[in-house]
Amino acid sequence: MEHPENNEEYKGLTVNKGVEQPSIVNPYLKRGRFRHRQMSASDYVEGILKGDVTVLGQAVTLVESTNPVHQIVAQEVIEKCLPYAGRSVRVGISGVPGAGKSTSIDAFGIHVLEQYGGKLAVLAIDPSSERSKGSILGDKTRMEKLAVHPDSFIRPSPSAGSLGGVARKTRETIILCEAAGFDKIFVETVGVGQSETACHSMVDFFLLIQLAGTGDELQGIKRGIMEMADGIVINKCDGNNVDKCNLAATQFRNALHLFPAPESGWTPQVLTYSGFYNLGIKEIWDMVFDYIRFVKDNGYFEHRRNEQAKFWMYETINEQLRNGFFRNEKIVSRLADAERMVLSGKQTSFVAAKQLLDDYFAFFLDVKMQS
């Protein structure tokens with residue numbers, strides 16, 4: 001652009017044009033040069049078996065993806081990793097919100113790595129918002145020591161609406177971590193709920209973290225999760241809270257006596273500890289490994305793993321049927337009409353659901369007849 005000062009009106013005043021500004025884009029930069037190379041299933045498996053945590057993280061992302069193309073590759077990766085899995089000790093850790101699960105896992109993890117060696121993977125499940133569908137995924141920030149340990153792998157994942165507080169793909173992630181050489185795996189759940197059985201159905205030992213002052217033994221009996229616990233630990237047993245924790249431990253022991261004997265033959269123990277001050281951690285892990293030895297000796301360890309594999313087969317069938325139903329073109333076109341009928345009171349929810357299901361199965365029957 002010419003400067004107005006160079007106009008005839010301003011004789012004797014000259015302003016130079018100046019240096020032309022170069023482009024902000026590097027002319028030597030080739031477009032697409034830094035794009036990620038699309039990895040094949042064999043590439044993922046090779047990286048995982050070498051213990052490459054970067055490739056492992058990418059494989060977990062692939063498993064969690066809902067993209068059908070990604071799912072095909074993910075299932076191939078899992079199938080190839082399966083022969084190298086199953087050699088870890090899986091520990092599920094649950095508890096009421098604010099019980100100190102993340103802080104405790106930091107202390108537990110450092111103790112286990114220092115005392116027993118090996119490698120530890122922590123699968124922390126973060127609750128997803130029902131409104132925004134987003135998750136903070138900030139549990140790793142509370143695991144300060146474990147996050148920088150060279151033998152640990154921490155993977156926060158969104159619950160994404162999964163029942164039971166465990167991410168839908170956590171079991172498959174466990175297989176990948178085991179194939180990568182992680183011989184100890186912690187699964188941290190969102191919180192405690194009466195229907196929270198998913199975590200119990202994928203771990204060898206289920207540890208329930210409780211707090212003192214959350215109610216008497218009647219409250220303990222009402223919580224269905226108590227029946228699934230292989231061990232109960234009461235956190236924040238320090239300072240002026242010691243007496244309250246000991247009283248709570250007694251109440252939980254009394255509550256456990258009212259439950260039927262566990263199928264494993266193991267009697268669940270109740271211990272107290274302080275995750276913040278690192279007190280009583282050794283006793284907890286002595287209990288966990290005593291349990292593992294006990295159930296391996298009586299054969300329950302393999303029995304439980306077989307039952308879990310069967311459980312997840314049926315869960316996968318349920319999930320695939322549900323996804324197939326809602327992705328079916330005929331059903332998608334009918335859903336809005338069914339909703340209007342229900343909302344206007346012209347049809348009950350149950351009749352509308354039955355008609356949709358009948359249409360869904362009739363669609364497959366027509367396809368079969370045509371073929």
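Residues numbered from 1 in each chain as written. Predicted model: local features only at pLDDT ≥ 70, side-chain atom pairs only at ≥ 80, totals over all residues. Heavy atoms only, no water.

In terms of regular secondary structure, the chain is built from 13 helices and seven strands. Looking at the chain residue by residue over its 371 residues, the buried ones come to 42%. Considering only residue pairs separated by 6 or more positions, the chain has 74% of its internal contacts joining residues 24 or more positions apart. A total accessible area of about 22100 Å² is found for the chain, and carbon and sulfur atoms account for 55% of it. (Helix = DSSP H or I, 4+ residues; strand = E, 2+ residues; numbered from the N terminus. Buried < 20%, exposed > 50% of the residue type's maximum accessible area, 1.4 Å probe, protein only. Contact = heavy atoms within 4.5 Å. Areas by Shrake-Rupley, 256 points an atom, 1.4 Å probe, with all protein chains shown as cover.)

In this section: the nonpolar core. One finds Ile-48, Leu-56, Val-77, Cys-81, Leu-176, Cys-177 and Met-226 to be the most contacted residues of the largest nonpolar core, which totals 50 residues. Among residues more than four places away in sequence, those in contact with Val-77 are Ala-41, Tyr-44, Val-45, Ile-48 and Leu-176. Listed in part, the 37 residues of the second largest apolar core include Val-122, Leu-211, Ile-281 and Tyr-291. (Core = buried A, V, L, I, M, F, W, Y, C linked by side-chain atoms within 4.5 Å.)

The next point concerns the environment of Lys-184. Along the chain, the position of Lys-184 falls in strand β4 (residues 184-188). When near neighbours in sequence (up to four residues on either side) are disregarded, Lys-184 contacts Ser-88, Val-89, Val-112, Tyr-116, Gly-117, Gly-118, Lys-119, Leu-120, Ala-121 and Phe-289.

Here the focus is the layout of surface pockets. Here the second largest pocket is characterised by a volume of approximately 660 Å³. Looking at the lining of the second largest pocket, the elements with two or more residues in it are α8 (225-228), α9 (242-256) and α11 (300-327). No other element matches α11, which puts six residues into the lining of the second largest pocket. Within the lining of the second largest pocket, the residues separate by chemical class into 14 nonpolar, eight polar and six charged. (1 Å grid on protein atoms, 1.4 Å probe; cavity = no way out; pocket = protein on both sides within 12 Å on 5 of 7 lines; lining within 4 Å. Points joined across faces, edges and corners; volume = space filled by probe spheres on them. Nonpolar A, V, L, I, M, F, W, Y, C, P; charged D, E, K, R; others polar.)

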